Amino acid sequence: MTFRDDVRRGIAILADDLTSAGDGAAPFRQAGHDARILLTTPARLPGNTVDVTAVDVGSRVLDEEAAATRTRRAAGLFAGSALLFKTVDSTLRGHVAAEVRAAWAGSRRRAVVMAPAFPAEGRVTVEGVQYVRGVPVHESDYARDPAHPVRYSDLTTLFPEAVRGRPDRAAELPELIGNGDLIVCSATEDGDLDRLVAAVPRLDDVLWVGSPGLAAALARRCARATGTTASPPAPARRPLVVVGSTNPATRRQLVELHGSGDVQGVTVGVDPAAAVQALRGLTAPVLTLRTPEERHTPRTAQALARSQATVVQALAEDHTVDALVITGGETATTVLQPLGATGIDLIDEPEPGVVHGLLTGRLPLPVLIKAGGFGDDATLLRLCHLIRHRLAPGEHA
């Protein structure tokens, strides 16, 4: 398959939540493609001609059967894409096995190449086992995720029918694809992922399954010689940082942000009115809205996310804030839809796991969305600096 076919027929990315959609699309944006995230699966193929369409299927919050049904429908809708990529979380959260099988059925692709490694963030696959910074994912903090605890690290436990692929034996991939196999590939560095992608003659023979590491390898193969650039939005006057993730990394980032200077915020409860009133009365140039520190049950987490959404809607519509920095894909989806947003036009990916774009819809706000577990302690501080200053795409604060 040639690169020209990729452009003509389009690249489609199917994700189980919003941050995964952004993570999948961002490398293609950096490779010169126009990219748009859709907040829901459309009823029919979009008529607009963007190079890359990433869809938040919204399946992570569903039960397994509903997630599989929705994923299969989305894969069928975009089955004609030249490149079809199904994201999975690099820590294997969510309905991984059910969704991959459903996407394969809907896509009508000959085979599946699955490589969930994301070496830049310390997430690697060794002999089919997924690790986070040297710890099997089922023994890491992600095993205690209140909504989607990770139970397995060995991908062949999730996929008993799979065959293993290794980067040092990438030449075997065409034969395995010809057999119609589901191939689970190990990788410990970006070069391993590049070798896997390079070994496949026709990208459209395969349903590609992975995290941002594999997306980046595919984007490098499909890079445009002359890409498009997006003008950065005007500096934000007053961003609102919305923290819905209870991941320890994000909570440390929030502490670092508040310790940096003129930042004020509130903790939201299930009744949003008090938070709205409190935030309107604050004077700092950066505001924060966070959920309580403790882990939440799925029902409580959903109630708190809805409360956050009500607060954000009130502050955005009365122009108390003019930009958003959001952590957590489920939080982002819940927060953005009441604003009338239908999608996000990507500008760039300033850091791994961070999407920078403009909302499409009635309130075209600048937005930065960060996956909950990504980044170092200063990440939120850098993102607030970025959105408050006019930086060129790809330039770091």
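Residues numbered from 1 in each chain as written. Predicted model: local features only at pLDDT ≥ 70, side-chain atom pairs only at ≥ 80, totals over all residues. Heavy atoms only, no water.

- As named in an unreviewed UniProt entry, the chain is Four-carbon acid sugar kinase family protein, taken from Streptomyces ossamyceticus.
- For the record of the chain, the UniProt heading Sequence similarities (unreviewed entry) holds the text "Belongs to the four-carbon acid sugar kinase family." (UniProt positions renumbered as here; feature names shortened; annotations may be inferred.)

### What about the overall build of the chain?
Now for step 1: Assigned secondary structure in the chain consists of 13 helices and 18 strands.
Now for step 2: Relative to its length of 397 residues, the chain is compact, with a C-alpha radius of gyration of 20 Å against a globular reference of 21 Å.
Now for step 3: Counting only C-alpha atoms and orienting by the principal axes, one finds that the chain spans roughly 65 × 45 × 35 Å.
Now for step 4: Residues counted as buried form 59% of the 397 residues belonging to the chain. (Helix = DSSP H or I, 4+ residues; strand = E, 2+ residues; numbered from the N terminus. Rg over C-alpha atoms; globule rule 2.2 N^0.38 Å. Buried < 20%, exposed > 50% of the residue type's maximum accessible area, 1.4 Å probe, protein only.)

### Examining unusual backbone geometry
Now for step 1: Backbone geometry at L92 places phi at a positive 65°, although glycine is not the residue there.
Now for step 2: Considering the arrangement of structural elements, one finds L92 in the loop between β4 (83-87) and α4 (96-107).
Now for step 3: Residues other than glycine seldom take positive phi values, yet R108 does so here, at roughly 60°.
Now for step 4: As for its position among the elements, R108 is in the loop between α4 and β5 (111-115).
Now for step 5: Assessed through its relative accessible area of 65%, R108 is described here as exposed.

### A closer look at the packing of helix α9 (residues 248-258) against helix α13 (residues 379-388)
Pairs of packed helices are described in terms of their axes, by the angle between the two and the distance that separates them.
Now for step 1: Axis separation between α9 and α13 bottoms out at 7 Å; the angle between their running directions is 60°. The pairing of α9 with α13 is recorded here as oblique in orientation. Across from T250, Q253, L254 and L257 in α9, the residues of α13 making contact are T379, L380, L381 and C384.
Now for step 2: In the contact of α9 with α13, the residues fall into five nonpolar, three polar and no charged. (Axes fitted to C-alpha atoms, helices over the stretch in contact; angles between N-to-C directions. Parallel < 35°, antiparallel > 145°, perpendicular 65-115°, else oblique. Contact = heavy atoms within 4.5 Å. Nonpolar A, V, L, I, M, F, W, Y, C, P; charged D, E, K, R; others polar.)

### What to know about the sheet that holds strand β7 (residues 129-132)
Now for step 1: Spatially, three strands are ordered β6-β7-β8 in an open sheet, and the strand pairing comes out antiparallel. Across the chains shown, the open sheet's two edge strands, defined by having one partner strand only, are β6 (123-126) and β8 (135-136).
Now for step 2: As paired elements, β6 and β7 share four bridges and run antiparallel to each other. Within the sheet, the bridge partner assigned to T125 lies in β7 and is Q130. (Pairing = 2+ DSSP bridges.)

### Section: the environment of E161
Now for step 1: With respect to the helices and strands, the residue E161 is situated in the loop between α5 (155-158) and β9 (163-165).
Now for step 2: Note: C-alpha distance between E161 and V184 (23 residues apart in sequence) is 10.0 Å.
Now for step 3: A polar contact of 3.0 Å, which involves the side chain of E161, links it to the side chain of R101. (Polar contact = N/O pair within 3.5 Å; in protein donor to acceptor, adjacent residues only side chain to side chain.)

### What to know about the pairing of β7
Now for step 1: Here β6 folds back onto β7, and the loop between the two strands holds two residues, one of which, E127, carries a positive phi near 50°.
Now for step 2: Pairing between β7 and β8: two bridges, direction antiparallel. Looking at β8, one finds that Y131 is bridged to P136.
Now for step 3: Hairpin geometry of β7 and β8 is characterised by an intervening segment of two residues between the two adjacent antiparallel strands and by a positive phi of about 50° at R133.

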